[in-house]
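The lines below spell out each chain.
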Amino acid sequence: MNRLTRLLSDLPEGERNEAIQYYNDYLNDAGVENEEEVLSALGTPEELALSIREGLSEEGRLRGEFSEQGYREQVQE
């Protein structure tokens, strides 16, 4: 999480904190016994940071949410 925080250091503080808090909570909810599997599914900190950044594009900011796969856009009908 420290590495991810550093990779997101140039994001606005609120957005960075929201992302970090989401993934901290996600890891805590998964538990120690599932930590390795969860970290593998999330990818490297660099991959996760890229996913978060892509989701925080102007469009993603309006339609997305954080998930275990990164920041994902929701399709609005």
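A brief structural summary. Along each chain, residue indices are assigned from 1 in the same order as the chain's sequence is written. With pLDDT at 70 or above as the cut-off, local features in this predicted model cover only qualifying residues; side-chain atom pairs require 80 or more to be listed or tallied, and sums for whole chains, interfaces and linings still use all residues. Excluding hydrogens and water, the side-chain values take into account all heavy atoms of the structure.

Here's the deal with the pattern of salt bridges
For step 1, the next point in the chain: Salt bridges are defined as contacts in which a side-chain nitrogen from Lys or Arg sits within 4 Å of a carboxyl oxygen from Asp or Glu. Summed over all chains, the structure comprises two salt bridges.
For step 2, the next point in the chain: Note that Glu46 is salt-bridged to Arg3, the shortest N-O span being 2.5 Å. Taken together, the positions of Glu46 in helix α4 (residues 45–55) and Arg3 in helix α1 (residues 2–7) put the pair 43 residues apart, joining distant regions of the chain.
For step 3, the next point in the chain: Think of it in three bands: residues with accessible area under 20% of the maximum for their type are buried, residues over 50% are exposed, and the middle band is partly exposed, with areas taken using a 1.4 Å probe on protein chains only. Residue classification places Glu46 among the partly exposed positions, given a relative accessible area of 36%. We count a stretch as a helix when DSSP gives it H or I for four or more residues in a row; a strand needs E for two or more, and each element gets its number in order from the N terminus.

Structural notes on the nonpolar core
For step 1, the next point in the chain: Ranked by size, the top nonpolar core spans 14 residues in total, and within it Leu4, Leu8, Leu48 and Ile52 carry the most contacts.
For step 2, the next point in the chain: Those elements giving two or more residues to this core turn out to be α2 (13–30), α3 (35–42) and α4.
For step 3, the next point in the chain: With residues near it in sequence (within four places) discarded, Leu8 still touches Arg16, Ala19, Ile20, Ala49, Ile52 and Arg53. Definition used in this section: a nonpolar core is a set of buried Ala, Val, Leu, Ile, Met, Phe, Trp, Tyr and Cys residues joined via side-chain atoms within 4.5 Å. In what follows, a contact means two residues having at least one pair of non-hydrogen atoms within 4.5 Å.

A word on α2
For step 1, the next point in the chain: Expected helix span is taken as 1.5 Å per residue step, with the number of steps being one fewer than the number of residues. Compared with the 26 Å implied by 1.5 Å per residue over 18 residues, the 26 Å span of α2 between its first and last C-alpha is a close match.
For step 2, the next point in the chain: All of the buried residues in α2 are Glu15, Arg16, Ala19, Ile20, Tyr23, Leu27 and Ala30. Viewed end-on, α2 has its buried residues packed into an arc of 125°, placing them on one side of the element. Opposite the buried face of α2, by more than 90 degrees, sit the exposed residues Glu13, Gly14, Asn28 and Asp29.
For step 3, the next point in the chain: Positive backbone phi, approximately 85°, marks Gly31, located one or two places after α2. This arc describes the spread of directions from the helix axis toward the C-beta atoms.

Description of the packing of aromatic side chains
Both the distance between ring centres and the angle between the ring planes are used here to describe each pair of aromatic rings.
For step 1, the next point in the chain: Aromatic pairing here means that ring centres of Phe, Tyr or Trp (its six-membered ring) are within 6.5 Å. Orientation follows from the plane angle: under 30 degrees is stacked, over 60 is edge-to-face, and everything else is tilted. Using the criterion set out here, one finds two aromatic pairs in the structure.
For step 2, the next point in the chain: When the ring of Tyr22 is compared with that of Tyr23, the centres are 4.9 Å apart and the planes differ by 85°; the resulting orientation is edge-to-face.
For step 3, the next point in the chain: The exposure class assigned to Tyr22 is partly exposed, which follows from its relative accessible area of 24%.
For step 4, the next point in the chain: Residue classification places Tyr23 among the buried residues on the basis of a relative accessible area of 0%.
For step 5, the next point in the chain: With a centroid separation of 6.2 Å and an interplanar angle of 15°, the aromatic rings of Tyr22 and Tyr26 are classed as stacked. You can see Tyr22 and its partner Tyr26 sitting in helix α2, four residues apart, about one turn around the helix.
For step 6, the next point in the chain: Each residue in the set Tyr22, Tyr23 and Tyr26 is aromatic and connected to the rest through ring pairs, giving one cluster.

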